[in-house]
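The chain contents come next:
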Amino acid sequence: PKKVIFMQGYLILLPIFLFALLQGAFLPLNLVLLTVLVWTALRPPKESLLIAFFAGLILDLAAGTPLGFSSFMLLFLCGLLIFYSHRFDSSHPLFLTVFVFISSNLYSLVTNHFFNWPEGLVLAILALIFGFLGKFFLVEIDKEKIKLKI
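Trainee: Mind showing me how you'd approach the overall build of the protein chain here?
Mentor: Of regular secondary structure, the protein chain possesses seven helices and zero strands. Ordering the α and β elements of the protein chain from the N terminus gives α-α-α-α-α-α-α. Counting the 150 residues in the protein chain, one finds 37% classified as buried. Of the contacts formed within the protein chain by residues at least 6 apart in sequence, a portion of 60% connects residues at least 24 apart. When the accessible surface of the protein chain is summed, it comes to about 9200 Å², and 77% of that surface belongs to carbon and sulfur atoms.

Trainee: For this particular structure, what's the right way to read the packing of aromatic side chains?
Mentor: To describe a pair of aromatic rings, you give the distance between the ring centres and the angle between the ring planes. Applying the stated criterion to the full structure yields five aromatic pairs. Taken together, a centroid distance of 6.1 Å and an interplanar angle of 20° make the contact between Phe 95 and Phe 99 stacked. With a gap of four residues between them, Phe 95 and Phe 99 both fall in helix 6 (residues 93-112), about one helical turn apart. Residue classification places Phe 95 among the partly exposed positions, given a relative accessible area of 21%. Three or more aromatic residues joined by ring pairs form one cluster here, namely Phe 83, Tyr 84, Phe 88, Phe 95 and Phe 99.

Quick notes on the rules
- Residues numbered from 1 in each chain as written.
- Predicted model: local features only at pLDDT ≥ 70, side-chain atom pairs only at ≥ 80, totals over all residues.
- Heavy atoms only, no water.
- Helix = DSSP H or I, 4+ residues; strand = E, 2+ residues; numbered from the N terminus.
- Buried < 20%, exposed > 50% of the residue type's maximum accessible area, 1.4 Å probe, protein only.
- Contact = heavy atoms within 4.5 Å.
- Areas by Shrake-Rupley, 256 points an atom, 1.4 Å probe, with all protein chains shown as cover.
- Phe/Tyr/Trp six-rings, centres within 6.5 Å; stacked < 30°, edge-to-face > 60°.

Below, the structure written as structure tokens:
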């Protein structure tokens, strides 16, 4: 059972692969960044950093950018989120919303040399939605674990 639990954490790479293909082809939203940051807020740090690294490589291959650039950016932003998670509740939907907005604009500034605040706003709204859903499902899962232990 430990291998099954280990592999379940990395199944997120399948939607990341799909988002990277869509983003590399025609989608202007950075859904890979959103997915990785939400995953980092809700999962353990080691797993999140591995996901960020591989998501960046997949995004670089799909978008045709220099290999490792997106990995570096995603690792930096995930590390920043993990750093702030020691001081704040990083899985709180409002904190996550603000962090995704700032991260999206920082990513856009580094890659495109300008702030893309409309994309950041859309990603922040999506982060708010997914943050609330993640909190709801995590609470429900924790309640189920408590019921099973009793």
